[in-house]
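Residues per chain are reported as follows:
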Amino acid sequence: MKQALCPAKAKLLNVDEPLTENLDVSTSQLTGFTYQETYCLVVMSGPDKGAVHNVSPGQTSLGRSERTDTPVSGKGISRIHAYLTVSPDGSVTLEDNGSTNGVFLNGRRISKAGLRPGDVFGLGPELKIRLESTDGGLHDLIKDMYHSSKIDALTNLLNRRAFEERMDEEFSVTKRHGHSSCLAILDIDHFKSINDTYGHDAGDEVLRHLSGVLKDKVRTGDLVARWGGEEFVIYVRQSDLNGAKILLDRIREFIAETEIPLPETDPLRITFSAGLVSLEHVLDWRNALTRADEALYQSKEGGRNKVTEVDLSDNA
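None of these values were measured; they are calculated from a predicted model.

Trainee: Which parts of the structure should I look at to understand the overall build of the protein?
Mentor: Per the secondary structure count, the protein includes six helices and 16 strands. Taken over 316 residues, the protein has a buried fraction of 52%. When the accessible area of the protein is evaluated, it comes to approximately 14,400 Å², of which 46% is carbon and sulfur surface.

Trainee: Mind showing me how you'd approach the sheet that holds strand β5 (residues 82-86) here?
Mentor: The strands that make up a sheet are held in pairs by hydrogen bonds between backbone atoms, and each pair lies either parallel or antiparallel. Strand order in this open sheet of five strands is β4-β3-β5-β6-β9, and the pairing throughout is mixed. Two strands lie at the open edges of the sheet, namely β4 (70-71) and β9 (112-115), each paired on one side alone. Strand direction decides the pairing type here: strand β3 (residues 58-63) and β4, joined by two bridges, are parallel. Bridge assignment links Gly 63 to a residue of β4, and that residue is Pro 71.

Trainee: Looking at this structure, I do not really get the side chain of Asp 240. What am I missing?
Mentor: Tracing the chain through its elements places Asp 240 in the loop between β14 (231-237) and α5 (241-257). Since its relative accessible area comes to 18%, Asp 240 is described here as buried.

Trainee: For this particular structure, what's the right way to read the packing of aromatic side chains?
Mentor: Remark: the centre distance and the inter-plane angle together describe each pair of aromatic rings, the angle taken between the planes. The full count for this structure, using the stated rule, is two aromatic pairs. With a centroid separation of 6.1 Å and an interplanar angle of 85°, the aromatic rings of Phe 163 and Trp 227 are classed as edge-to-face. Residue Phe 163 is found in helix α2 (residues 160-177), and its partner Trp 227 is found in strand β13 (residues 223-228); the two are separated by 64 residues along the sequence. Of the two residues, Phe 163 and Trp 227, neither departs from the other in class, the shared state being buried. Consider the rings of Phe 163 and Trp 285, whose centres lie 6.1 Å apart with planes at 85°: the pair is edge-to-face. Of the two residues, Phe 163 sits in helix α2 while Trp 285 sits in helix α6 (residues 285-301), which places them 122 residues apart along the sequence.

Trainee: Explain the pattern of salt bridges to me, please; I cannot follow it from the model alone.
Mentor: Note that side chains of opposite charge can pair when their charged atoms are close. Per the counting criterion, the structure on display carries 17 salt bridges. Taking the shortest distance from any N to any O, the salt bridge between Asp 196 and Lys 192 comes out at 2.8 Å. Of this pair, Asp 196 and Lys 192 both sit in helix α3 (residues 191-198), four residues apart, which is roughly one turn of the helix. Given the relative accessible area of 54%, Asp 196 is considered exposed. The closest approach of N and O atoms between Glu 205 and Arg 208, which form a salt bridge, is 3.2 Å. Taken together, the residues span about one helical turn, with Glu 205 and Arg 208 both in helix α4 (residues 200-217) at a distance of three residues. Looking at Glu 205, the relative accessible area reads 28%, which means it is partly exposed.

Trainee: It is not clear to me how the sheet that holds β13 should be interpreted in this structure. Could you clarify?
Mentor: Across the sheet, five strands lie side by side as β13-β14-β12-β15-β16; this open sheet has mixed pairing. Edge positions in the open sheet fall to β13 and β16 (307-310), since each of these has one partner strand only. Strand-to-strand twist across the sheet, computed as the mean angle between neighbouring axes with direction ignored, equals 20°. Two elements, strand β15 (residues 272-278) and β16, share four bridges in a ladder whose sense is parallel. Counted as the bridge partner of Gly 275 is Thr 308 from β16.

Trainee: In this structure, what is going on with α4? I would like to understand it.
Mentor: It helps to recall that an α-helix has 3.6 residues per turn; residues three or four apart then point in one direction. For α4, built from 18 residues, the straight-helix expectation of 26 Å at 1.5 Å per residue is met to within 8% by its first-to-last C-alpha distance of 26 Å. On its buried face, α4 sits against β12 (181-188), α3, β13, β14, α5 and β15.

Trainee: I keep staring at the packing of α4 against α5 and nothing clicks. Help me out?
Mentor: Each pair of packed helices gets described by two things: the angle between the helix axes and the distance between those axes. α5 packs onto α4 with a crossing angle of 140° between their chain directions and a minimal axis gap of 11 Å. When the interaxial angle is binned, α4 and α5 end up oblique. Crossing geometry of α4 relative to α5 is assigned as right-handed. On the side of α4, the interface is formed by His 209, Leu 210, Val 213, Leu 214 and Lys 217, while α5 contributes Leu 247, Ile 251, Phe 254 and Ile 255. Of the residues in the contact of α4 with α5, the class split is seven nonpolar, one polar and one charged.

Trainee: What is the right way to read α6 from this model?
Mentor: Spanning 17 residues, α6 covers 24 Å between terminal C-alpha atoms, matching the ideal 24 Å at 1.5 Å per step. Residues of α6 that are buried include every one of Trp 285, Ala 288, Leu 289, Ala 292, Ala 295, Leu 296, Ser 299 and Lys 300, and no others. Buried residues of α6 fall within an arc of 150° about the axis and therefore sit on the same side. Of the exposed residues in α6, those oriented more than 90 degrees away from the buried face are Asn 287 and Glu 301. Where α6 is buried, its residues contact α2, β12, β13, β14, β15 and β16. Here α6 starts with a cap whose side-chain oxygen sits 2.8 Å from the backbone nitrogen of Arg 286, and that cap is Asp 284. Backbone geometry just after α6 places Gly 303 at a positive phi near 115°.

Rules and cut-offs
- Residues numbered from 1 in each chain as written.
- Predicted model: local features only at pLDDT ≥ 70, side-chain atom pairs only at ≥ 80, totals over all residues.
- Heavy atoms only, no water.
- Helix = DSSP H or I, 4+ residues; strand = E, 2+ residues; numbered from the N terminus.
- Buried < 20%, exposed > 50% of the residue type's maximum accessible area, 1.4 Å probe, protein only.
- Areas by Shrake-Rupley, 256 points an atom, 1.4 Å probe, with all protein chains shown as cover.
- Pairing = 2+ DSSP bridges.
- Phe/Tyr/Trp six-rings, centres within 6.5 Å; stacked < 30°, edge-to-face > 60°.
- Salt bridge = Lys/Arg side-chain N within 4 Å of Asp/Glu carboxyl O.
- Axes fitted to C-alpha atoms, helices over the stretch in contact; angles between N-to-C directions.
- Expected span 1.5 Å × (residues − 1).
- Contact = heavy atoms within 4.5 Å.
- Parallel < 35°, antiparallel > 145°, perpendicular 65-115°, else oblique.
- Left-handed = near helix turned anticlockwise from the far one by under 90°.
- Nonpolar A, V, L, I, M, F, W, Y, C, P; charged D, E, K, R; others polar.
- Arc of directions from axis to C-beta.
- Polar contact = N/O pair within 3.5 Å; in protein donor to acceptor, adjacent residues only side chain to side chain.

No statement about biological role is implied by the geometric values presented.
Written out as structure tokens, the structure is:
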């Protein structure tokens, strides 16, 4: 169950409507595909390039709001940008919902137009989507390609490349709207000794366990990814540094108190150390992540099993 930060001292903005689609890779919402549909939409460009969404009969709303039928991400996307309608006879119509940055077909801005399988339409200046028929095995191929390119096979979290692509979009939108947000990097304490003592299968189980907890405990709209090895990154959306610290500490305490069952040996407990920065006053989130990594090592040197936050407001 997703956790909400509610202590009075934690200042958080409304997170009912994420700025971009939150990718929950533990469910069929990874691609939005259900296998029973006549058509699907394949994202050809933008932060979620390769994603597949089913198109149901009737009207489907497209936009950056999570309340739309098909949330999409990209520069200049309105909350409800356009509508796609599949008529009972199977014909498909695309209609602009009065968006600021327009709907395009064959390079021409349109207000309403018919679509056929293979047509590529644009929403705003960046996002391009292709309409495809789901007959045959195309949807299986696209789904597998999308999963392998975006998802870490062991943990089922976003991989590093996918996280970087999503962060570029998230950070751009966050800065444009003046929202607070934070970035954390964490590392499992003494992970090498776990592998050396219990074997790599046990190490893999630890990584899977921590990944599951992170996915479950962050809030809707936050992003979690495996950065590499035993390192993970978390983007805490619409939160100040104090609120993000509360969230990270809550997850850290839960992990430290939870036993991880292992085959043929006693259950194991782990801890992690983390570094945390606010993105409110920075110009490049990658530079901020470097500072978070430095704070992570301060946590390690300070005894591990702790979160060290860094305020970058004085040196943006």
